[in-house]
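Structural overview
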Amino acid sequence: MEDSSEAIMISDAKGILVYVNAAWTKIYGFSQAEALGKTPRLLHSGLQSDSFYKEMWAQILDPGIAHWKGELFNRAKDGTLVPILLTITPFRDSAGAIAGFMGIAVDMTFRKELENQIAHQDRLASIGMLASGLAHEVGTPLGVVRGRAELLMMKTDDSFLKKNLEIITSEIDRI
């Protein structure tokens, strides 16, 4: 377990941490000495509700399910939020009673950053499509108006009308 790249923590039946591996200390920034003897509440971010944890523990303690797996945010020692995919499984003693719990956390920080980049690129693509459509919807009628104004300029000898038609075409070009 010490060589695992995933964060592993083991608690006794009361939830007191009795083991954390090197990956756990690296991800969360707590030393083993700071973690051992504490509960996993040490990592609570406040982003998950009490009902979230009640449901999680109901699944872990339900003999028909006997584990929980899901995504949540933990808080590292420096206050950084760490998105993780966490699996918690109880382990039993020889008599079949729960002796403790093992949690394995996969740091999802890189994946969440990629998801955010993709979402940002999707938003930019949507804005680009909207701008393109808008340019077409505005540009086509303006082209018709400009063409008609040029046609009228060629057909008239009235200098006042020509001057105003030139203003119309120059403003359309500006748009």
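The following refers to the structure shown. (Residues numbered from 1 in each chain as written. Predicted model: local features only at pLDDT ≥ 70, side-chain atom pairs only at ≥ 80, totals over all residues. Heavy atoms only, no water.)

Right, let's get into empty space enclosed by the protein. This structure, assessed with the given rule, holds one cavity of 30 Å³ or more. Empty space within the largest cavity amounts to approximately 40 Å³. Forming the boundary of the largest cavity are Ala-7, Met-9, Trp-24, Tyr-28, Asn-74, Ile-84, Leu-86, Gly-103, Ile-104 and Ala-105. Among the elements that make up the lining of the largest cavity, the one with the highest residue count is strand S5 (residues 98-107) (three residues). For the lining of the largest cavity, a count of residues per class yields eight nonpolar, two polar and no charged. (1 Å grid on protein atoms, 1.4 Å probe; cavity = no way out; pocket = protein on both sides within 12 Å on 5 of 7 lines; lining within 4 Å. Points joined across faces, edges and corners; volume = space filled by probe spheres on them. Helix = DSSP H or I, 4+ residues; strand = E, 2+ residues; numbered from the N terminus. Nonpolar A, V, L, I, M, F, W, Y, C, P; charged D, E, K, R; others polar.)

This part is about the packing of aromatic side chains. For the structure shown, the criterion picks out five aromatic pairs. Centre to centre, the rings of Phe-52 and Trp-68 are 5.6 Å apart; their planes meet at 85 degrees, and the pair counts as edge-to-face. Taken together, the positions of Phe-52 in helix H3 (residues 50-61) and Trp-68 in strand S3 (residues 68-75) put the pair 16 residues apart, joining distant regions of the chain. Look at Trp-68 and you get buried, because its relative accessible area is 7%. Taken together, the ring pairs in this structure connect Trp-24, Tyr-28 and Phe-30 into an aromatic cluster. (Phe/Tyr/Trp six-rings, centres within 6.5 Å; stacked < 30°, edge-to-face > 60°. Buried < 20%, exposed > 50% of the residue type's maximum accessible area, 1.4 Å probe, protein only.)

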